[in-house]
Amino acid sequence: MKINDMRISAIGGTICSIWASFSLGDVLQTVLTAALGTIVSFATSRLLGRWNKKAGNKKL
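Keep in mind the model is a prediction, meaning the values are calculated, not measured.

Sorry if this is basic, but what is going on with the overall build of the protein chain here?
Scanning the protein chain from terminus to terminus reveals two helices and zero strands. Here the C-alpha atoms of the protein chain give a radius of gyration of 24 Å, more than 25% beyond the 10 Å that 2.2 N^0.38 yields for 60 residues. Along the first, second and third principal axes, the C-alpha set of the protein chain runs to 75 × 30 × 5 Å. Per-residue burial for the protein chain yields a buried fraction of 0% across its 60 residues. Carbon and sulfur atoms make up 69% of the accessible area of the protein chain, which amounts to about 5800 Å² in all.

So this is what it looks like as structure tokens:
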């Protein structure tokens, strides 16, 4: 067996063991959490932008 074949076998085994440790529920929970974090971050930055505009107009 060549060293290259051993590397491919080791990488394949590692990927298969990692893949088997994930469940669909974990993946969905991660996706939903990331989406919620993105929405909250976007909304916060928009609100802060509007707040800074209003505060800037009062200083003039």
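After presenting the structure, the write-up continues.
What is the right way to read a positive patch on the surface from this model?
Positive charge collects at one region of the surface, where Arg-46, Arg-50, Lys-53 and Lys-54 lie side by side. Mapped onto the elements, Arg-46 comes out in helix α2 (residues 24-59).

What am I meant to see in a nonpolar patch on the surface here?
A contiguous nonpolar patch, built from Ile-18, Phe-22, Val-27 and Val-31 and spanning about 370 Å² of accessible area, is present on the exposed surface. Examined against the element boundaries, Val-27 turns out to sit in helix α2.

What counts and what doesn't
Residues numbered from 1 in each chain as written. Predicted model: local features only at pLDDT ≥ 70, side-chain atom pairs only at ≥ 80, totals over all residues. Heavy atoms only, no water. Helix = DSSP H or I, 4+ residues; strand = E, 2+ residues; numbered from the N terminus. Rg over C-alpha atoms; globule rule 2.2 N^0.38 Å. Buried < 20%, exposed > 50% of the residue type's maximum accessible area, 1.4 Å probe, protein only. Areas by Shrake-Rupley, 256 points an atom, 1.4 Å probe, with all protein chains shown as cover. Patch = residues over 30% accessible without salt bridge, like charges linked within 9 Å, V, L, I, M, F, W, Y side chains within 5 Å. Salt bridge = Lys/Arg side-chain N within 4 Å of Asp/Glu carboxyl O. Lys, Arg positive; Asp, Glu negative; His and termini not counted. Charge placed at Lys NZ, Arg CZ, Asp CG, Glu CD.

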